[in-house]
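Coordinates in review
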Amino acid sequence: MKKRLPQCTLILILALSLVSGITAGCQTERTADDSGELRVVTSFLPIYIFTLNLVEGIDGIRVVNMAAPDIGCLHEYQLLPGDMVELEAADIFIFNGAGMESFLEVLADRRDLVKIEASSGIQLLPLDENHGHIDADGETLNHDHEVNAHVWLSVRLAIQQVKNISLGLQHADPKHAEMYQRNEAAYIDRLADLDRLYRETLDKVAIRKIITFHDAFPYLAKEYGLTVVAVIQREPGREPSTAELAETIDIIRSEDVQVLFVEPQYSGRAADTLAAETGASVYTLNPVVTGDAGALTYEQVMMDNLDVLKLAL
Ligand SMILES: [Zn+2]
Ligand SMILES: [Zn+2]
């Protein structure tokens, strides 16, 4: 619902704001535009999928996902110039929270931007104690995301996220409140079925100790009675060191772990090494951070994950 600035002005403002560290939002005059289109930007795939389901059939709302389809989790993600342009034009920004979007301070001055945090009010789990960043000199870096961000992989908590997003949209766009509520109810019905199926299926499995690739599955594990005894890749994007691999091999042996789960977003090389050393089997779990950007993707991928878990455990 904004007057479109001439492209060159917008780029100039963005350039200035990037240099000065001040976001463009507080420097521009806002006037409602004739179309009245509400522009929503979501941070990454799961939040985009949840939002798509909530805006189904509602006119005058456009939802754009910020992260490119191959980005995956937003760990260490830095905003690109194109993201800044999207956010500058946005009325609403919907994000996971829980430390997933480390760039949020860039938007702190954007008082005109409605920000909806999907994880608001959800009890968060701490990061795995082995989690750490290591810089080029091999020194461990301190950082401020002390909680685990992968809330959406518990279907029960995904439902909570959908409710939070729906509430935020109803506040920001009250004339469609009833439609958001209707969409929310229909989507949550389906997600509740999925949650029930997870509970029924994972109630019966024989194996409960698992090792996953990155630290994406503690909410899923806690929800459905599994234990993640180790994570192969301590920090997403960094191959495990020889020492870390040796440590994981020790854990596999001492805890008698029989299954390892890799992720389609990352190379499975380290897991193959671990499997060859220990005889553990390797399966693939998908944290739903890349893939088809359709409204049904979360449910489809989580069903595939459940089939894999049933087979593996
Ligand atoms: Zn992640
Ligand atoms: Zn970290």
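Quick note: structure is the one above.
Overview of the structure. Remember, it's a predicted structure, so these values are computed and weren't measured experimentally. (Residues numbered from 1 in each chain as written. Chains lettered and ligands numbered in written order. Predicted model: local features only at pLDDT ≥ 70, side-chain atom pairs only at ≥ 80, totals over all residues. Heavy atoms only, no water.)

It is worth spelling out unusual backbone geometry at this point. Unusually for a residue other than glycine, A98 sits at a positive phi of about 60°. With respect to the helices, strands and loops of the structure, A98 is situated in the loop between β3 (92–95) and β4 (114–117). Since its relative accessible area comes to 7%, A98 is described here as buried. Its identity is not glycine, yet V288 carries a phi of approximately 60°, on the positive side. Along the chain, V288 turns up in the loop between β10 (281–284) and α9 (297–312). (Helix = DSSP H or I, 4+ residues; strand = E, 2+ residues; numbered from the N terminus. Buried < 20%, exposed > 50% of the residue type's maximum accessible area, 1.4 Å probe, protein only.)

Attention now goes to the nonpolar core. W152, Y198, Y298 and L313 are the most contacted members of the largest nonpolar core, which has 77 residues in total. Per-element accounting of this core gives the leading share, eight residues, to helix α2 (residues 45–55). Taken together, domain 1 (7–191) and domain 2 (204–312) each give at least three residues to this core, which thus spans both. Sequence-distant contacts of L313, defined by excluding residues within four places in its chain, comprise L202, V205, A206, I207, I210, L226, V259 and F261. Counting residues in each nonpolar core, the second largest holds 16 residues, with I249, I252, V257 and A271 among its members. (Core = buried A, V, L, I, M, F, W, Y, C linked by side-chain atoms within 4.5 Å. Domains from an automatic or database assignment. Contact = heavy atoms within 4.5 Å.)

Our focus in this paragraph is the sheet that holds β3. Strand order across the open sheet formed by four strands is β2-β1-β3-β4, with parallel pairing between neighbours. The outermost strands of the open sheet, each flanked by one partner alone, are β2 (61–65) and β4. The average undirected angle you get between the axes of adjacent strands in this sheet is 20°. Here strand β1 (residues 38–42) runs beside β2; their pairing, made up of five bridges, is parallel. (Pairing = 2+ DSSP bridges. Axes fitted to C-alpha atoms, helices over the stretch in contact; angles between N-to-C directions.)

Looking now at the coordination of the zinc ion (ligand 1). Donor atoms from the polypeptide that coordinate the zinc ion (ligand 1) comprise C73 (SG), H75 (NE2), H150 (NE2) and H214 (NE2), at 2.0 to 2.2 Å from the metal. Metal-centred angles of 100 to 115° between the four donor atoms at the zinc ion (ligand 1) mark the site as tetrahedral. Counting along the primary sequence, the residues that act as donors to the zinc ion (ligand 1) give the motif C-x1-H-x74-H-x63-H. Here C73, found in the loop between β2 and α3 (81–89), pairs with H214, found in the loop between β7 (209–212) and α6 (218–223); they are 141 residues apart in sequence, far enough to count as distant. Grouping residues by exposure puts C73 and H214 together as buried. (Donors = N, O, S within 2.8 Å, 3.2 Å for Na, K, Ca; no water. Tetrahedral: all angles 85-135°; square planar, octahedral: opposite > 155°, others 65-115°.)

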